[in-house]
Amino acid sequence: MHQHHLFLLRHALTEWATAGRTDPPLTAVGERQAHAAGRTYALMSDDSPALVLSSPRRATLRTAELAGLVVSGTSDDLVEWDYGNFEGLTAAEISEREPGWSVWSHPVPGGEAADHVERRADALLDRVRDALPERPVALVVHGDFGRVLVARWLGLPATAGGCFGLDPASLTMLGSRGELSQLLHLNVPPS
């Protein structure tokens, strides 16, 4: 049976630095990026109707809409890593408080532990793997959680997600050959 591809579309550019990271809107540039991401997706996909799942947050839903994707459903499993006490802070602000801190290598005070994020990603990917024999799947994701999905697809720990880039409105294509999970395209910019 034909195995379809799993696409990850990272939401387009938001105003998170000024609005806080919890549910910021897309910027004007982000809206243009999302339109362009739709063109890129159309070039990369095989024209089969996809199952499209999105985080329920504003940036992901708007990115999907502008990219021309019809969201089949939302899932709280797709929300961004909970940064706890660091929610809404820029990397520079976090560095001032905790020099050298990284979500990939340190505990998240008041937030979500890496092993919890890993279990959430695994549960989601199990559902995705069940759907892939029937049709392609597109997940509209946030940056760090999208990186975790790439790592877990490849059988790596969640913390290995820091090794992968996912720019705003970029597309990543995951697949498999037999039992081997593959990274086919990573961080493809919108056209």
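So, a few notes on the structure that sits alongside this text. (Residues numbered from 1 in each chain as written. Predicted model: local features only at pLDDT ≥ 70, side-chain atom pairs only at ≥ 80, totals over all residues. Heavy atoms only, no water.)

1. Considerations on the pairing of strand β4 (residues 137–141)
Argument step 1. Burial runs high along β4: 5 of the 5 residues are buried.
Argument step 2. Of the two faces of β4, both are covered, the one formed by Val137, Leu139 and Val141 as well as the one formed by Ala138 and Val140.
Argument step 3. In this sheet, β4 lies alongside strand β1 (residues 6–10) in parallel orientation, the contact comprising 5 bridges. Paired with Leu6 across the two strands is Val137, which belongs to β4. (Buried < 20%, exposed > 50% of the residue type's maximum accessible area, 1.4 Å probe, protein only. Helix = DSSP H or I, 4+ residues; strand = E, 2+ residues; numbered from the N terminus. Pairing = 2+ DSSP bridges.)

2. Describing the pattern of salt bridges
A side chain of one charge can pair with a side chain of the opposite charge when the charged atoms of the two come close.
Argument step 1. This model, assessed by the stated rule, comprises 8 salt bridges.
Argument step 2. Among the ionic pairs, Glu65 bridges to Arg62, the shortest N-O distance being 3.1 Å. Taken together, the residues span about one helical turn, with Glu65 and Arg62 both in helix α3 (residues 58–67) at a distance of 3 residues.
Argument step 3. Classification of Glu65 as exposed rests on a relative accessible area of 52%.
Argument step 4. Its salt-bridge partner being Asp77, residue Arg127 comes within 3.2 Å of it at the nearest N-O pair. Here Arg127 is found in helix α5 (residues 114–131), whereas its partner Asp77 is found in the loop between β3 (73–74) and α4 (91–97), with 50 residues between them in sequence.
Argument step 5. Using a relative accessible area of 41% as the deciding quantity, one classes Arg127 as partly exposed. (Salt bridge = Lys/Arg side-chain N within 4 Å of Asp/Glu carboxyl O.)

3. Overview of the packing of aromatic side chains
Argument step 1. In total, this model carries 3 aromatic pairs according to the counting rule given.
Argument step 2. Ring centres 5.4 Å apart and planes at 90° place the aromatic pair Trp81 and Trp104 in the edge-to-face group. Linking Trp81 in the loop between β3 and α4 with Trp104 in the loop between α4 and α5, this pair joins segments that are 23 residues apart in sequence. One exposure class covers both Trp81 and Trp104, and it is buried.
Argument step 3. Positioned above the aromatic ring of Phe145 is the side chain of Arg120, whose terminal nitrogen or guanidinium carbon lies 4.4 Å from the ring centre. (Phe/Tyr/Trp six-rings, centres within 6.5 Å; stacked < 30°, edge-to-face > 60°. Lys NZ or Arg CZ within 6 Å of the ring centre and 35° of its normal.)

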